[in-house]
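Remarks on the overall topology
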Amino acid sequence: MFEKILIANRGEIALRVARACRELGVRSVAVYSVADRDSAVVRLADEAVCIGPADARQSYLNAAAIIEAARKTGAEAIHPGYGFLSEDADFAEICADNGFVFIGPRPEVMAALGDKSKARALMGDAGLPLPPGSLATLDTVAQARAVAEEIGYPVIIKCAAGGGGRGMSVVHSAEDLASAYDRTRVVAQAAFGDDRVYVERYLNPARHVEVQVLCDGYGNGVHLGTRDCSVQRRHQKLIEEGPAPALSGVTLDAIAETALRGALRAGYTGAGTFEFLVDEAERFQFIEINCRIQVEHPVTEMITGVDLVHEQLHIAGGVPLRLRQEDVRLQGVAIECRVNTEDPDRNFLPTPGRLTRFTPPSGPGTRTDTHGYPGYLVGPYYDSLLAKVVVWAPDRDLALGRMERALHEFEVDGPGVHTTIPFIRRVLDDAGFRKGRYSTGLVDRLLGAPDSAKESVPASSAHLSRRTR
Ligand code: MV4
């Protein structure tokens, strides 16, 4: 195990990693921007180094400054958290070149899986079911048209370099294809400096179900069950829960085993997430892999009792995985609500400001991961996630009741500061959500967005679940 690691992130995840370090007897180094001088992790970590101005490009995205801080403090490894440099294969390589362990998959694996089209091809070869679509990126609109004709409309054009839904275009008919193709390439070039795109059949309605995996460097791997992440607005998740509700145990096991097979085939190491879309008939298809710890990892921690950040540190430190699949027992239901400092009544506009009151919920089966405290100044520079309220209970109804109780306890106040709690409550109150029958269209329907008619997921037909070879 490492003696000292550097945490290349901020906010609640930086605190989360610092806590894991202390629990394992690992010394921690926080890095912070000028805007985060007064952040909780600066006090909680063993050491803290200022790495630059508020602008993330000059601080949390500044590889040179982070490497310099690691060198200066004698850290052996770098935990990237989520966002920022966490899925940057070049950064992982820079860490290695400078003698630091990057806490995540190997750079080559990150590069291969970070290319969504390559990941799709790789997972197809490994026998994972895929949405029909192109086998590689497309060079011309004629190629895109040929694929679309073959698989049928609607199709979705995705950026190979993208992820998390940025820059995708849904195309409903042939006459819209050329303009969508051109637009997606322009967006991809601007956003990722890489204009390669690929095409898939657009699956709708669908549930967004993901699988947590852990793999070590010795060929051992386990899956830790599923999470449903269908409750999203503009590809920002609002609520996650595990196990994915209203699916048969057979389907859930099949999805999880399929993900683990893909991870082992890819030579994945560390904590990773495999994303799938699941249709009304419980057919599931692989879409992409996230090579990082995710925001919603506490959901899995609460249903398995496994500390995913501890496991990340052990794996990166070369300790063989001690957990066996038969030891992973999924118990009960966990739900996470993200509390952002945004105003749902103003199109989720960020509302930075100073917190005059801040009392996070606690009590039975309740975990709140937050970097907030009374007097904390929420700045305008970074994403507005302030807290994750996570509850566990023996069943879903009890978990929902516990979540409502927890949100009732949460006091957040400050001049001009709003939170997403009122909107979260509306989702929790929704009849479809309460039954566990919801899909990626739920949020748009609640927001009264057009084109959100076909959202609900009909009763399941578990027997149609597609097993893969
Ligand atoms: C899709 C899809 C339907 N069909 N791919 C969004 C995030 C990224 N990880 C992949 N995403 C999707 N990919 C195919 N072939 C639906 C989504 C999707 C989504 C799309 C529109 C609006 C909200 C969404 C929420 C989750 C997933």
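Residues numbered from 1 in each chain as written. Predicted model: local features only at pLDDT ≥ 70, side-chain atom pairs only at ≥ 80, totals over all residues. Heavy atoms only, no water.

**A short note on the UniProt feature "domain: Biotin carboxylation" (unreviewed entry) in the chain**
UniProt feature "domain: Biotin carboxylation" (unreviewed entry): in the numbering of this structure it lies at residues 1-448. This span, residues 1-448, is 34% helix and 26% strand, and a straight line between its end C-alpha atoms measures 51 Å. (UniProt positions renumbered as here; feature names shortened; annotations may be inferred. Helix = DSSP H or I, 4+ residues; strand = E, 2+ residues; numbered from the N terminus.)

**Let's talk about the sheet that holds strand E8 (residues 197-201)**
Spatially, three strands are ordered E7-E6-E8 in an open sheet, and the strand pairing comes out antiparallel. Among the strands making up the open sheet, the edge pair consists of strand E7 (169-171) and E8. Along the sheet, successive strands turn relative to each other by an average axial angle of 25 degrees, direction set aside. Packed on one face of the sheet, helix H6 (residues 116-125) meets strand E6 (155-159) and E8 and runs near 50 degrees to E8. Contacts between helix H8 (residues 177-192) and the sheet are confined to E6, E7 and E8, with E6 contributing the most and set at about 20 degrees to the helix. (Pairing = 2+ DSSP bridges. Axes fitted to C-alpha atoms, helices over the stretch in contact; angles between N-to-C directions. Contact = heavy atoms within 4.5 Å.)

**Some words on the packing of helix H3 (residues 63-73) against helix H4 (residues 89-97)**
Relative orientation of the contacting elements H3 and H4 amounts to 30 degrees, with a least axis distance of 11 Å. Relative to H4, the element H3 is oriented roughly parallel. For H3 against H4, the interelement crossing comes out right-handed. Here Ala63, Ile66 and Ile67 of H3 lie close against H4, whose contacting residues are Phe91, Ile94 and Cys95. For the contact of H3 with H4, a count of residues per class yields six nonpolar, no polar and no charged. (Parallel < 35°, antiparallel > 145°, perpendicular 65-115°, else oblique. Left-handed = near helix turned anticlockwise from the far one by under 90°. Nonpolar A, V, L, I, M, F, W, Y, C, P; charged D, E, K, R; others polar.)

**Observations concerning the packing of aromatic side chains**
For the coordinates displayed, the defined rule picks out twelve aromatic pairs. Ring geometry for Tyr60 against Tyr382: centres 5.5 Å apart, planes inclined by 80 degrees, an arrangement best described as edge-to-face. Of this pair, Tyr60 sits in the loop between strand E3 (47-52) and H3 while Tyr382 sits in the loop between strand E20 (377-378) and strand E21 (385-393); the two residues are 322 residues apart in sequence, bridging distant segments of the chain. Given the relative accessible area of 1%, Tyr60 is considered buried. (Phe/Tyr/Trp six-rings, centres within 6.5 Å; stacked < 30°, edge-to-face > 60°. Buried < 20%, exposed > 50% of the residue type's maximum accessible area, 1.4 Å probe, protein only.)

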